[in-house]
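Inside the fold
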Amino acid sequence: MPEHTVKSYDEELNQMTGTILRMGGMVEQQLADAITALIKRDPELAARVIEDDKPVDKLEHEVDHQVMRLLALRQPMAVDLRLITASLKISSDLERIGDYAANVAKRAGALSQVEPMRPVAVIPRMSLIVQGMIKDVLDAYMARDAERALAVWRRDEEVDEIYNSLFRELLTYMMEDPRHITPCTHLLFIAKNIERMGDHATNIAETISFLVTGTPLDEARPKGDTTPFTTSPLDLPDKGPGAA
Amino acid sequence: MATPAIDAKMEISGLDVFYGANQALFDVDMKFAENRVSALIGPSGCGKSTFLRCLNRMNDIIEGCRVSGDVLLDGNDIYAGDLDVVQLRARVGMVFQKPNPFPKSIYDNVAYGPRIHGLADNASELDEIVENSLRKAALYDEVVDRMSAPGTSLSGGQQQRLCIARAIAISPEVILMDEPCSALDPIATAKVEELIDELKEDFTIAIVTHNMQQAARVSQYTAFFHLGKLVEFGDTEAIFTNPEEKRTQDYITGRFG
């Protein structure tokens, strides 16, 4: 893309995209740390992750400010307009991801006070995929690469599948022994939070696709979370009615 | 280039224009939709004003100017040998960049066209035409008390609306506007833009503007010219949100070298 005739316009756009990338890096780290706090049973690290949410919120406000300034002063058109509105949406998706990471950290802190549970082991695998999605979707944003964004979008199915099987496993544990209910509920929420982060990463992927092509993505994403249809772990099919 | 389906009031095809040895327009095909506003945008010297002037043969008076190709108004060639140019310009009116009222009263500025074209049989009919034209140009309430004051005593924005009233007094079908707001302040500009939006109910409007936000605000179709060629023509919304041509995108986003 050639530069604008007015150089300061390019500088302002670069500042805005820079803020988004910093936010992205921060929430990626927040998630990684929250999972480490869970595995290492480290309440101090968990507390730090919760604190880390504040600077992310601050960056979101910074993006808001930069976007409003650009809209008011530059009257952006076409691809610039799409970049600016896309960035506004992406920052709110990233902010939500940060909130979920903080919530994972809170529950990790609670879980560190009770007996370890076996299903905890699945969480890092799920989280690694979502961390990869966040990283790749930010790379796609930086490179304005719709294909790479689409690849992220498709990967969300895998996250949903892990979540479904974990959901089933946790229900079984809870039925086995009512004392498992508290830790398993925390784990279930942690898994749900990570699954939601994946959904926000796919939102960002859709936004990037629109930013690059100018047309909304009309392909319907296969919805993988089948647990809303579940009544008991015994009648849960391998693939739920909503699965592709 | 995907040309939108248009119920054309004017249809231009294969238009070439030369000033002496210099070619100013190259093989332009375009349609003006009836009762719609079409904006012509592009950098200085791209040929948009030349193009506008072809639509009512204003180029005839420029020495060394040659026009070839078809310019049809309601399907009839306006460059046909037997065509009455004065009649043509009554059907295709024009508003210029700088307000240029006649050195006459406000009333006479508007009454001038209907008088020479014999559009009124008596004084009361003429009064009616003048009043209607001033009302359509959203100027009537501001000048009703001083109809005999000179047109030049009005403010710039009022003068431009007076020129618009003068143009519509002879009931043209098409109105050509060449940068009608470039000499006006933002409030007067907003009034003229509001007026353009109302005028499209009765007229087909073509407007040349350097102000892209203005083109985006007032028009339904936009044509982008560059180096004498029509680069892209389409729905205004599509041109300003997601143009097909890279040159259009570079121009409207301010990336032109």
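The paragraphs below set out a description of the structure included in this document.

Criteria and thresholds
- Residues numbered from 1 in each chain as written.
- Chains lettered and ligands numbered in written order.
- Predicted model: local features only at pLDDT ≥ 70, side-chain atom pairs only at ≥ 80, totals over all residues.
- Helix = DSSP H or I, 4+ residues; strand = E, 2+ residues; numbered from the N terminus.
- Rg over C-alpha atoms; globule rule 2.2 N^0.38 Å.
- Buried ≥ 20, exposed ≤ 12 C-beta atoms within 10 Å, placed from the backbone.
- Contact = placed C-beta atoms within 7 Å.
- Expected span 1.5 Å × (residues − 1).
- Nonpolar A, V, L, I, M, F, W, Y, C, P; charged D, E, K, R; others polar.
- Pairing = 2+ DSSP bridges.
- Axes fitted to C-alpha atoms, helices over the stretch in contact; angles between N-to-C directions.
- Core = buried A, V, L, I, M, F, W, Y, C linked by C-beta atoms within 7 Å.

**Focus on the overall build of chain B**
- Of regular secondary structure, chain B possesses 10 helices and 10 strands.
- Its C-alpha radius of gyration of 18 Å places chain B within 12% of the 18 Å reference for a compact globule of 257 residues.
- C-alpha atoms of chain B, sized along the principal axes, occupy 55 × 45 × 35 Å.
- The burial tally for chain B puts 45% of its 257 residues in the buried class.

**Focus on the overall build of chain A**
- Across its full length, chain A holds 7 helices and 0 strands.
- Traced from its N-terminal end to its C-terminal end, chain A shows the element sequence α-α-α-α-α-α-α.
- Taken over the C-alpha trace, chain A has a radius of gyration of 20 Å; the compact-globule value for 244 residues is 18 Å, and the two agree within 12%.
- Principal axes of the C-alpha set define a box for chain A whose edges measure 70 × 40 × 20 Å.
- Restricting to contacts in chain A with at least 6 residues of sequence separation, those with at least 24 account for 79%.

**Brief notes about helix α1 (residues 7-40) of chain A**
- The terminal C-alpha atoms of α1(A), which comprises 34 residues, lie 49 Å apart, in line with the 50 Å expected from a rise of 1.5 Å per residue.
- Directly beyond the C-terminal end of α1(A), a positive phi value near 55° is found at A:Arg41.

**Things to note about unusual backbone geometry**
Residue and element names in this part refer to chain A.
- Positioned with a positive phi, Gln 75 is a non-glycine residue whose angle comes to about 45°.
- Looking at the secondary structure, you find Gln 75 in the loop between α3 (53-74) and α4 (78-111).
- On the basis of neighbour count, Gln 75 is assigned to the partly exposed category, with 13 C-beta atoms found within 10 Å.
- Although it is not a glycine, Arg 144 adopts a positive phi angle of roughly 50°.
- Here Arg 144 lies in the loop between α5 (122-143) and α6 (146-176).
- Assessed through the 16 C-beta atoms surrounding it within 10 Å, Arg 144 is described here as partly exposed.

**With respect to the interface of chain B and chain A**
- Between chain B and chain A, the contact holds 13 residues from the first and 13 residues from the second.
- Counting residues per element, the ones that place at least two in the side of chain B that touches chain A are α8 (212-218), α9 (236-241) and α10 (246-252) of chain B.
- With 3 residues, the top contributor of residues to the side of chain B that touches chain A is α10(B).
- Tallied by class, the residues present in the side of chain B that touches chain A amount to 5 nonpolar, 6 polar and 2 charged.

**Structural notes on the pairing of strand β2 (residues 22-33) of chain B**
All names here are of chain B.
- Pairing of strand β1 (residues 8-19) with β2, which is carried by 8 bridges, proceeds in the antiparallel orientation. Paired with Ala 8 across the strands is Ala 33, a residue of β2.
- The antiparallel pairing of β1 with β2 creates a hairpin that spans 2 residues between the two strands, and Gly 20 there sits at a positive phi of about 60°.

**Quick word on the sheet that holds strand β3 (residues 37-41) of chain B**
Residue and element names in this part refer to chain B.
- Strand order across the open sheet formed by 6 strands is β6-β7-β8-β3-β9-β10, with mixed pairing between neighbours. The sheet terminates laterally at β6 (92-95) and β10 (229-235), the two strands that pair on one side only. Between one strand axis and the next, the sheet turns by 20° as a mean value, whatever way the strands run.
- Packing against the sheet, helix α6 (residues 156-168) makes contact with β6 and β7 (174-178), and its axis sits at approximately 170° to β6.

**What to know about the nonpolar core**
- Core analysis: the biggest nonpolar cluster contains 135 residues, and A:Ala34, A:Ala101, A:Val137, A:Ile208 and B:Ala206 have the highest contact counts within it.
- In contact with A:Val137, not counting residues within four places along its chain, are A:Ala149, A:Val152, A:Ala201, A:Ile204, A:Ala205 and A:Ile208.

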